[in-house]
Amino acid sequence: MKNIFYCLVIGSLLSGTAYGQKKLLKEAPGVVSYSYRNDLAKDVPGTLDKIKSVGITNIEFSGLFGQTPEQLRALLDARGMRCTSIGVGYGDLDKHMDKVIAQAKALGAEFVRIGSIPHPGNFQDLHADVVKQAAIDFNKFGKTLAENGLTFCYHNHGPEFKPAGELGDGMLFDYLVQNTDPKYVSFEMDVMWVYWPGQDPIYWLNKYPNRFKLMHVKNVKKGLERGKGATFVSVGEGQMDMEAILRAAQKTKIKYFYIEDESAPEFIDAQMPVSVQFLEGLKK
C-alpha cells in the first residue's frame, strides 16, 4: 500500500513537471522562404532537405523558385512538409485573383498575404489617399479570398506606423485595422518592422489581439540605432526581447510563427538552427 502511495506521489510530481515544461509555441516554428532565397534559387529539393534537417516543416513561400505550384506541393508532400501561407503582390490580387487562388489551393496554403501598398515615390512615404484606397481594396481582396476558403493578411513594413494625419487619430496602421472588416482582413506582424520605426510590438499585439493571424520572427544586432541599416542575428540574440513578444503573442489569434532571417546567405546555415533551438526551448 505504501509503495502504491509513493508511486502515485512520484507520478503526480512527474506529471506536474511535464505539464510545466510544455512548449510556449503550440507547434514548431516555420520559416519564410526569403530566408533561403539564394539556396532555393539554385536547388529547391536540396534546400527543402536542409530546412527540414533543422526541424522546420512549415514554409511561407514568397515565390515558386522555378516550380509550378503542383511540383512544389509534390516536393513538400514527399518530405512531410507544408506551405501554410503564400506571399503575392498587390497587383496579383487586383488583376489576377483567380490565379492566386488556384496557386494557393494547389500548394495547400491557408493564408495569402501582401507586404506593400503601391504608390508613387518612396515606399516609406505613404500618403493618406493610398492608405484609404488600400483599406477599400483589402476588404475586396479579403472577401473574395474568404469565399474561396482563404484568409487575407497584410504584412507591415514600417511606413504604416506614421501618424494618420487627415485620416484621424493614431497611426496609419490604426486606420487600416479600423477600416477593414475583421471577417475578411487580417494582419501578419513583422516584429522587426514594428520595432525598427520606433514602435513596441507588444503594444500593438495587445491593442489588436484578434486581428493578427501570422508573425514574422526576426531580430537585429544589439547596439544598432533603430531606423538605420539593420544587421540580422538569430532571434534570441538581438535587441528585441523575443521571449516577451512571443508570450504576448500567445494571447492573440496568431496561428503561425515564421522565422525570417534576412542575413546574407553565408550566415543562414549557422543562425537558423540557433533560432529554432531558442524558439523550441521557450516554455509556458
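Just so we're clear, the structure is a prediction, and the values are computed from it rather than from any experiment.

What exactly am I supposed to notice about the pattern of salt bridges here?
Side-chain pairing between opposite charges can occur once the charged atoms of the two side chains come close. Inspection of the entire model under this criterion finds 18 salt bridges. Here R113 and E188 are joined by a salt bridge, their closest N and O atoms 3.3 Å apart. Highlighted residues: R113 in strand β4 (residues 111-114) and E188 in strand β6 (residues 185-190), separated in sequence by 75 residues. Like R113, the residue E188 is buried in the burial classification. The partner of E243 in a salt bridge is R247, with the nearest N and O atoms 2.9 Å apart. Within this pair, E243 and its partner R247 are both found in helix α11 (residues 242-249), separated by four residues, close to a single helical turn.

Even after reading the chapter, I still don't get the pairing of strand β3 (residues 82-87), so can you show me in this structure?
A regular strand carries its side chains on alternate faces of the sheet. With respect to burial, β3 is a largely interior element, five of its six residues being buried. Across four bridges, strand β2 (residues 58-61) lies against β3 in parallel orientation. When the sheet's bridge partners are listed, F61 is paired in β3 with I86. Handedness of the β2-helix α4 (residues 69-78)-β3 crossover: right-handed. Here three bridges tie β3 to β4, and the two strands are oriented parallel to one another. Across the sheet, G87 pairs through a bridge with R113, a residue of β4.

Please clarify how the packing of aromatic side chains should be interpreted in this entry.
The relative placement of two aromatic rings is captured by the distance of their centres and the angle of their planes. This structure, assessed with the given rule, holds 17 aromatic pairs. Pairing F173 with W204 gives two aromatic rings, centres 5.6 Å apart and planes at 80 degrees, and the pair type is edge-to-face. With F173 in helix α8 (residues 172-178) and W204 in helix α10 (residues 201-207), the pair connects residues that are 31 residues apart, well separated along the chain. Each member of the pair, F173 as well as W204, is classed as buried. On the numbers, 6.3 Å between centres and 40 degrees between planes, the contact of Y256 with Y258 is tilted. Through successive ring pairs, a cluster of aromatic residues spans F161, F173, F187, Y203, W204, Y208 and F212. Lying across the ring of Y34, R37 places its NZ or CZ 4.0 Å from the centre.

Any chance you could explain the layout of surface pockets here in plain terms?
One simple way to see leftover space: roll a probe sized like a water molecule over the atoms. Reported here for the largest pocket is a volume of approximately 210 Å³. Lining the largest pocket are 15 residues, with Y34, S62, R113, H157 and E260 positioned closest to its centre. Of the residues contributing to the lining of the largest pocket, the split by class is four nonpolar, six polar and five charged. There is about 160 Å³ of room inside the second largest pocket. In this structure, the second largest pocket is lined by 14 residues; those nearest its centre are K26, I254, K255, Y256 and F257.

Analysis parameters
- As a convention, each chain's residues are numbered from 1 in the sequence order in which they are written.
- Since the coordinates come from a predicted model, pLDDT governs what is reported: local features require at least 70, and pairs of side-chain atoms require 80 or more to be given and counted, while whole-chain, interface and lining totals use all residues.
- Remark: hydrogens and water are excluded; side-chain values derive from all non-hydrogen atoms of the structure.
- Only one rule defines a salt bridge in this text: a Lys or Arg side-chain nitrogen within 4 Å of an Asp or Glu carboxyl oxygen.
- In this text, helices come from DSSP runs of H or I with a minimum length of four residues, and strands from runs of E with a minimum of two, each type numbered from the N-terminal end.
- Residue exposure (1.4 Å probe, protein chains only): buried if accessible area is under 20% of the type maximum, exposed if over 50%, otherwise partly exposed.
- The pairing criterion for strands is at least two bridges between them, as found by DSSP.
- With the strands pointing away from the viewer, any crossover whose connection runs clockwise from the first strand over the helix to the second is right-handed.
- Aromatic contacts are taken between Phe, Tyr and Trp rings whose centres are within 6.5 Å, Trp giving its six-membered ring; a plane angle under 30 degrees counts as stacked, one over 60 as edge-to-face, and the others as tilted.
- Remark: a charge is flagged as sitting over a ring if the NZ atom of Lys or the CZ atom of Arg is within 6 Å of the ring centre and within 35 degrees of the ring normal.
- In this analysis the probe radius is 1.4 Å and the grid spacing 1 Å, with only protein atoms considered; a cavity is a set of points the probe fits into but cannot get out of, a pocket is an open set with protein on both sides within 12 Å along at least five of seven lines, and lining residues have an atom within 4 Å of a point.
- Grid points are joined across faces, edges and corners, and a volume is the space filled by probe spheres set on the points.
- Asp, Glu, Lys and Arg are counted as charged, while Ala, Val, Leu, Ile, Met, Phe, Trp, Tyr, Cys and Pro are counted as nonpolar; the rest, among them Gly, fall into the polar class.

Read these as geometric descriptors, not functional statements.
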